[in-house]
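# A closer look at the structure
These are the residues of each chain, in order.
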Amino acid sequence: MQKQAKKVLAAVGDLFFTIKITDAAKKAGLPVEFVKTDKELLEKAKEMPSLILMDLNFQDIHPLKTLARLKSDSELKRITVIGYVLPVQGELKQKAQETGCDLVLMRAAFSQNLPQILKRHASAA
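Residues numbered from 1 in each chain as written. Predicted model: local features only at pLDDT ≥ 70, side-chain atom pairs only at ≥ 80, totals over all residues. Heavy atoms only, no water.

## What about the nonpolar core?
Operational definition: Definition used in this section: a nonpolar core is a set of buried Ala, Val, Leu, Ile, Met, Phe, Trp, Tyr and Cys residues joined via side-chain atoms within 4.5 Å. Throughout this description, buried means an accessible area under 20% of the type-specific maximum (1.4 Å probe, protein chains only), exposed means over 50%, and partly exposed covers the range between. Helical segments are the DSSP runs of H or I of at least four residues, strand segments are the runs of E of at least two, and each set is numbered from the N terminus. The contact criterion used is simple: two residues touch if any of their non-hydrogen atoms lie within 4.5 Å.
Membership of the largest hydrophobic core comes to 21 residues, with the highest contact counts inside it found for I52, M54 and L70. Mapped onto this core, the elements with two or more residues apiece are β1 (8-11), α2 (38-45), β3 (51-55), α3 (63-72), β4 (80-85) and α4 (90-99). With 3 residues, the top contributor of residues to this core is α2. Contact partners of I52, with chain neighbours within four places excluded, come to L9, L41, A45, L70, I79, T80, V81 and I82. With 18 residues, the next largest nonpolar core counts A25, L30, L53 and I82 among its residues.

## Remarks on the environment of K27
Summarising the element assignment, K27 is placed in helix α1 (residues 15-28). In this structure the C-alpha to C-alpha distance between K27 and K77, which are 50 residues apart in sequence, comes to 27 Å.

## Remarks on the packing of aromatic side chains
Which entries qualify depends on this criterion: The aromatic pairing rule takes the rings of Phe, Tyr and Trp, using the six-membered ring of Trp, and pairs them if the centres are within 6.5 Å, calling planes under 30 degrees apart stacked, those over 60 edge-to-face and the rest tilted.
Under the defined criterion, the tally for this structure stands at 4 aromatic pairs. Seen from their ring centres, F16 and F17 are 5.3 Å apart, and the 90 degrees between their planes marks the pair as edge-to-face. Ring centres of Y84 and F110 lie 4.4 Å apart, and the angle between their planes is 25 degrees; this geometry places the pair in the stacked category. With Y84 in strand β4 and F110 in helix α5 (residues 107-123), this pair connects stretches of sequence that are 26 residues apart. Like F110, Y84 is buried. Among the aromatic side chains, those forming a connected cluster through ring pairs are F16, F17, Y84 and F110.

## So, the side chain of D38
Note the following rule: By the counting scheme adopted, Arg and Lys are positive, Glu and Asp are negative, and His together with the chain ends is not counted. Salt bridges, as used here, are contacts in which a Lys or Arg side-chain nitrogen is within 4 Å of a carboxyl oxygen on Asp or Glu.
Residue placement: D38 occurs in helix α2. Within the buried core, D38 has no salt-bridge partner, and the shortest N-O distance to an opposite charge, that of R69, equals 4.9 Å. Look past the residues within four positions of D38 in its chain and what remains in contact with it is D60, I61, H62 and T66.

## Considerations on the sheet that holds β4
Basically, it comes down to this: Two strands qualify as a pair provided that DSSP identifies no fewer than 2 bridges between them. Axis definition: a line fit to C-alpha positions, over the contact stretch in the case of helices; interaxial angles, taken between N-to-C directions, run 0 to 180 degrees.
With parallel pairing, the 5 strands of this open sheet are ordered in space as β2-β1-β3-β4-β5. Unpaired on one side and paired on the other, β2 (32-34) and β5 (103-106) mark the two borders of the sheet. Between one strand and the next, the sheet's axes are offset by a mean angle of 20 degrees, whatever the strand orientation. Bridge analysis of β4 against β5 gives 4 bridges, and the strand direction is parallel. Within β5, the position partnered with I82 by the bridge is L103. On top of the sheet, α1 reaches β1, β2, β3 and β4; it is set at about 160 degrees to β2, its chief contact. Of the strands in this sheet, β3 and β4 are in contact with α3, which crosses β3 at around 160 degrees.

In structure tokens, the structure reads:
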């Protein structure tokens, strides 16, 4: 069986971040696929991407509910999920971490660290 190329799944509603993620993923040599609904995210997660990036303010994907469904599935819970929030959203950050988000960053930190995050996941076994 041929090993499938790693890819990143991104649930992002903001065009600025869509462009930023696309650009950083190209530089890291990782294909990225954007999803627009919770159903699509859960379906694509079955393809076992190496990473899921999630805008925790993107209401079309119902972030906390979708995160809970991902992390309650014995196969899907192994996928690393990195989310980002606005600086004033400490409560949302805490809820996301409690729900199983592997890492929650403020938008600025996410943006700044994105190239390193993607490089790390591109080289991860």
